[in-house]
Amino acid sequence: MLKKYAQAFEKTHPGITVKWQTFVDNSTVQAQMNGGTYPDVMLILPNITPNELPQFFVPLDTLGLDNKIYFKDFQSYGGHVYGIPTFGDVNGIVYNKAAFKKAGITSPPTTLNAFYADCAKLKKHGIIPIALNYTDKWPLANWTDTLPNVIAGNPNYLNTMVQSKAPFTPNSPMGRALNIVDTIVKNGWAEPDWKNTNWANSKTMEAQGKVAMMYLGQWAIPQIVSAGTTSSNVGFFPFPATNQGKPLAIMTPDWELAVNKHSKNIPAAEEFVKWMVLDSGYPNYAGGLPPVKGMKSNVPQIQQLYAQAKVVQGVPSTTALTQLENTSQIDINGGGAVQTVLNAPNFTSALQQLNQQWENAASLSGQ
């Protein structure tokens, strides 16, 4: 599919050639960036702090997109925009309606207790309640980079963690979020062989009704449909993270496009970024929420979630939070914190380990 975008751009921009590079992990890209040999256009890595943006990328204010797009502040620094979102996301539970019906579930749960009860029903009927996709790691990030904010009812909650030396306590929003995923595994509601599972297999299993749910963004819906089911069989509801109040859903940008400040093709790279956002149609192909104001999503299930949730726009990570995450190596935004909890002897020791890493990092950074 990426070749089609290259061909479409080249057709309307004679003399410019587009070549795609794909990477299996962020470390390869980071090594290229450190050596100054990274691509003309790239997606900004999650461990790049706001104050590092000018070191690697050119400001994109001249593209005239600032007032046309959502999430422009997520990759900004010093009053300049360095990253343009490919599309927006809102995370929730993507579910197979036939699997719910087989288990006798007539409507999506609206409280955490009801969610747990539905997981038990699904397991009793031979259906895997929820897939974690542990091996891929990135799908685990939602449990720590989004769910704590949902539990707190505050899209800025993660940024406030820098004010605490021990944010990983059982009753904190982060601790409660980690406890939910730990509870899922301890009760056998995840995949039986959860340490050896991945997104490619899980989306097919959900399409077949062998898996009932996954906690992902709406972008996953068209992929599950294409894996072997109908759009009408796939639903989407906000994660019922607490037992009171209307569930919260937070809109955030997916990956952001940026232009290499060392590129020899900056004007062409900037034009490609602008074309991808405004003219390519990529957001709807990817099942994303168009980042351009006024554009509509072609994912019908998004309206189901909107009807059931209080939807708010997310808040970008501060430099202080990203630096603490990098120094502590806890990996809130990449799924590593979840893996730490699931691999620990017990939940209490996992939180103690995370708090110790956090405190050590805070001491090193002088916070």
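Please refer to the structure higher up on the page.
Residues numbered from 1 in each chain as written. Predicted model: local features only at pLDDT ≥ 70, side-chain atom pairs only at ≥ 80, totals over all residues. Heavy atoms only, no water.

A few points about the nonpolar core
If you look at the biggest cluster of nonpolar residues, it comprises 59 residues, and the most contacted ones within it are F115, W143, L147, M213 and F239. Leaving out residues up to four positions away in the same chain, L147 has contacts with N142, A177, I180, Y215, F239 and A241. F74, V90, M214 and W219 belong to the second-largest nonpolar core, a separate cluster that totals 26 residues. (Core = buried A, V, L, I, M, F, W, Y, C linked by side-chain atoms within 4.5 Å. Buried < 20%, exposed > 50% of the residue type's maximum accessible area, 1.4 Å probe, protein only. Contact = heavy atoms within 4.5 Å.)

Some words on the pattern of salt bridges
On inspection of all chains with the given rule, the structure shows four salt bridges. Note that K121 and D118 form a salt bridge whose closest N and O atoms lie 4.0 Å from each other. Highlighted residues: K121 and D118, both in helix α5 (residues 112-124), separated by three residues, approximately one helical turn. For K121, a relative accessible area of 37% translates into the label partly exposed. (Salt bridge = Lys/Arg side-chain N within 4 Å of Asp/Glu carboxyl O. Helix = DSSP H or I, 4+ residues; strand = E, 2+ residues; numbered from the N terminus.)

Observations regarding the side chain of E270
Within the secondary structure layout, E270 lies in helix α12 (residues 266-278). One buried charged residue, E270, remains without a salt bridge, the closest side chain of opposite sign being K274 at 9.4 Å. (Lys, Arg positive; Asp, Glu negative; His and termini not counted.)

A word on the packing of aromatic side chains
Given two aromatic rings, their pairing is described by the distance between the two centres and the angle made by the two planes. For the structure shown, the criterion picks out 27 aromatic pairs. Joined through ring pairs, the aromatic side chains of F115, Y116, W143, W189, Y215 and F239 make up one cluster. Here the basic side chain of K293 rests over the ring of Y70, its NZ or CZ set 5.9 Å away from the ring centre. (Phe/Tyr/Trp six-rings, centres within 6.5 Å; stacked < 30°, edge-to-face > 60°. Lys NZ or Arg CZ within 6 Å of the ring centre and 35° of its normal.)

Comments concerning the pairing of strand β9 (residues 248-253)
Here β9 lies mainly inside the structure; five of its six residues are buried. Looking at chain direction, β9 and strand β11 (residues 310-313) are connected through four bridges and run parallel. For A249, the partnering residue across the bridge sits in β11 and is V311. (Pairing = 2+ DSSP bridges.)

Remarks on the pairing of strand β7 (residues 211-217)
By the criterion of burial, β7 is predominantly enclosed, with seven of the seven residues buried. Taken together, the five bridges between strand β5 (residues 88-96) and β7 define a ladder with antiparallel strand orientation. Counterpart to V94 in the pairing with β7 is M214. Pairing between strand β6 (residues 128-131) and β7: three bridges, direction parallel. Bridge pairing links I128 to V211 in β7.

Quick look at helix α10 (residues 199-207)
Residues W199, S202, E206 and A207 constitute the buried set of α10. Projected down its long axis, α10 shows its buried positions confined to an angular sector of 135°, all on one face. Summarising the contacts, the buried residues of α10 are in contact with β5, β6, β7 and α11 (220-226). N-cap assignment for α10: the residue whose side-chain oxygen lies 3.2 Å from the backbone N of A200 is N198. One or two steps after α10, the chain reaches G209, where phi turns positive at roughly 85°. (Arc of directions from axis to C-beta. Polar contact = N/O pair within 3.5 Å; in protein donor to acceptor, adjacent residues only side chain to side chain.)

Comments concerning the layout of surface pockets
Empty space within the second largest pocket amounts to approximately 260 Å³. Lining the second largest pocket are 16 residues; nearest its centre among them are P290, M295, K296, S297 and Y306. (1 Å grid on protein atoms, 1.4 Å probe; cavity = no way out; pocket = protein on both sides within 12 Å on 5 of 7 lines; lining within 4 Å. Points joined across faces, edges and corners; volume = space filled by probe spheres on them.)

A look at the packing of helix α1 (residues 2-12) against α12
Running from amino to carboxyl end, α1 crosses α12 at an angle of 115°, the nearest separation of the two axes being 11 Å. Between α1 and α12 lies a crossing of right-handed hand. Residues Y5, A8, F9 and T12 of α1 lie in contact with α12, whose contacting residues are A268, E271, F272 and W275. Class assignment for the residues of the contact of α1 with α12 results in six nonpolar, one polar and one charged. (Axes fitted to C-alpha atoms, helices over the stretch in contact; angles between N-to-C directions. Left-handed = near helix turned anticlockwise from the far one by under 90°. Nonpolar A, V, L, I, M, F, W, Y, C, P; charged D, E, K, R; others polar.)

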